[in-house]
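These are the residues of each chain, in order.
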Amino acid sequence: MPIATPAYALLDVGDARRLERFGEIVVDRPAPTAEGHVAVDPAAWLTADARFDRSDRGPVAHEGWTTRDGQPIEPWVLDEAGGRFELRLAPSGQVGVFPEQAALNKWIGRQASRLAKPAVRAGTAAKDVGREGGSFSGSAAVLNLFGYTGAATIAVARAGTPVTHLDASRPAVAWARQNAALNDLAEAPIRWISDDAAGFVERELRRGRHYAGIVLDPPSYGHSGSGRAWRLGADLPALLAACAELLADGPAFIALSAHTPGFGPERLGELLLEALEPVVGAGAIAAIEVDDQTLISEGGTRLHLGAMARWTR
Ligand SMILES: C[S@@+](CC[C@H](N)C(=O)[O-])C[C@H]1O[C@@H](n2cnc3c(N)ncnc32)[C@H](O)[C@@H]1O
C-alpha cells in the first residue's frame, strides 16, 4: 500500500530560512526563528520553485518573490487534513495557510462539534440558520477574529456549527470564502464580515450578543479598513477582556494564537487567565492549556513559529 505523501512538508531549515513543500510547489522563505540553524540538506534548496526575499535582491517576478523560471506561479490548491485551501504567493510572503496551526484547528473543530446544537443540523444553509432555531450568536455559535483565509472557520463549519468569520481585509475575507466553497461549505452557516476586530467585539457587547466559541489569531501589527491600528502588545489584553465578556453561558471555548516575539505560550496563557478570571472565576486556570506552535523538518530540526493558549468549559 503506497504511503500517501503528506501535502505539506517542512523540508529543511537553515540560515534564518525555511524550505517547505505545499503540494506540488516548493517555497523558500525567511524564518527569523531559524536563525542559527544549519541546513541539513543543501541540495534540497535547489528544488525551490519560488523564493521570497524581504530585500530587493535578485530579479523580482512576484513582489518579493523570485521564481525558478522567472514565470509567475498561478494559485494552486493544497489538499490536506484540515481541508482544501487555495494557496498563492502573497506580497506579504505568506502563502495562505499556517501549517503550524493544524493541531489547534483540529482542536477548534472538536470544540465546535461539542457546541453543535441538534437544532442546527449539519448542512443547514446560512440563510436558514435563524428559521432552524439557530443563530450566528448565542450558545452554539463561534466567532473567528483575524480569520485570514479561513482555516479555523472551515474547521467550525465542518462541525455544522454557525460561525462568524471576521477579518479587516476584504481580500482575505474573499479568499476565505473561496476556501469555504472549495470545501463544499458555500451554503454552510458562515457569516462573512470585513471589519475591525476590537470595534466589532465592542459593538456585539453593546448589542447584548454572546458566543460560545471565540478564536483569535492576531498579527503583531495591523489596521482595519477604518484605519484603526492594531498593536498586539498594547491591544490584546483589552480585546481578550471584551471577548471574555462576550462568552455565552454553558459549554464554551477560546483559542488564542500568535506569531509575535515575546508572546510565547506562558505569556498568552497569563493574558487569557487575566481576561477570564473576572468573568468565569479563579477556576479558569485549570482549564487553560498552552503550547508552542512548532514544526519539525524532514531532517529533524524543530522550528518554533508561534504559540497558543486555549481554554474550554
Ligand atoms: C495573517 S493572519 C494571522 C496572523 C498571525 N498570527 C501572524 O502573526 O502572522 C492576521 C489577519 O489579521 C487581519 N487583521 C489585521 N488587523 C486587523 C484588525 N484590526 N481587525 C481585524 N483583522 C485584522 C489581517 O488582515 C490578517 O488576515
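Described in the following lines is the structure provided in the data block. Numbers given to residues run from 1 along each chain, matching the order in which its sequence is written. Whole-chain, interface and lining totals are the exception, using all residues; otherwise, since this is a predicted model, local features are given only for residues with pLDDT of at least 70 and side-chain atom pairs are given and counted only at 80 or more. In computing side-chain values, all of the structure's heavy atoms are included and hydrogens and water are not.

## Some points on the pairing of strand 1 (residues 8-14)
The element strand 1 is extensively covered by neighbouring structure, given that seven of its seven residues are classed as buried. When DSSP finds two or more bridges between a pair of strands, those strands are recorded as paired. Numbering of helices and strands runs from the N terminus, with a helix taken as a DSSP run of H or I at least four residues long and a strand as a DSSP run of E at least two residues long. Bridge count between strand 1 and strand 2 (residues 17-22): six bridges; the pairing is antiparallel. The residue of strand 2 that forms the bridge with Val13 is Arg18. In sequence, strand 1 turns back onto strand 2 through a hairpin of two residues, with Asp15 there showing a positive phi of about 55°. Exposure categories follow from relative accessible area, calculated using a 1.4 Å probe and restricted to protein chains: below 20% of the type maximum is buried, above 50% is exposed, and the middle band is partly exposed.

## What to know about unusual backbone geometry
Phi at Asp15 is positive, roughly 55°, even though this residue is not glycine. The topology assignment puts Asp15 in the loop between strand 1 and strand 2. Residue Asp15 is classed as exposed on the basis of its relative accessible area of 61%. One non-glycine residue, Phe146, adopts positive backbone phi at about 55°. On the secondary structure map, Phe146 appears in the loop between strand 8 (138-145) and helix 2 (151-158).

## Some points on the packing of helix 4 (residues 197-206) against helix 5 (residues 232-245)
Interhelical geometry of helix 4 versus helix 5 gives an angle of 30° and a closest axis separation of 10 Å. Viewed along their axes, helix 4 and helix 5 adopt a mutual orientation that is roughly parallel. Helix-helix and strand crossings are classified by hand; for helix 4 and helix 5 the assignment is left-handed. For the pair helix 4 and helix 5, the contacting residues are Ala197, Ala198, Val201 and Leu205 in the first and Leu239, Ala242, Cys243 and Glu245 in the second. Note on definitions: angles span 0 to 180 degrees between N-to-C directions of axes, and those axes are lines fitted to C-alpha atoms, for helices only across the stretch in contact. Here roughly perpendicular refers to angles of 65 to 115 degrees, roughly parallel to angles under 35, roughly antiparallel to angles over 145, and oblique to all remaining angles. Put simply, a crossing is left-handed when the front helix is turned counterclockwise from the back one by less than a right angle, and right-handed when it is turned clockwise. Contacts between residues were defined by any pair of non-hydrogen atoms, one from each residue, lying within 4.5 Å.

## Overview of the packing of aromatic side chains
Ring pairs are drawn from Phe, Tyr and Trp, using the six-membered ring of Trp, whenever the two centres fall within 6.5 Å, and their geometry is named by plane angle: stacked under 30 degrees, edge-to-face over 60, tilted for the rest. Scanning all chains against the criterion turns up six aromatic pairs. Geometrically, the ring pair formed by Phe98 and Tyr148 is tilted, given 5.4 Å between the ring centres and 50° between the ring planes. One end of the pair, Phe98, is in the loop between strand 7 (83-87) and helix 1 (102-115); the other, Tyr148, is in the loop between strand 8 and helix 2, with 50 residues separating them in the sequence. Chaining the aromatic ring pairs together yields one cluster made of Phe98, Tyr148 and Trp175.

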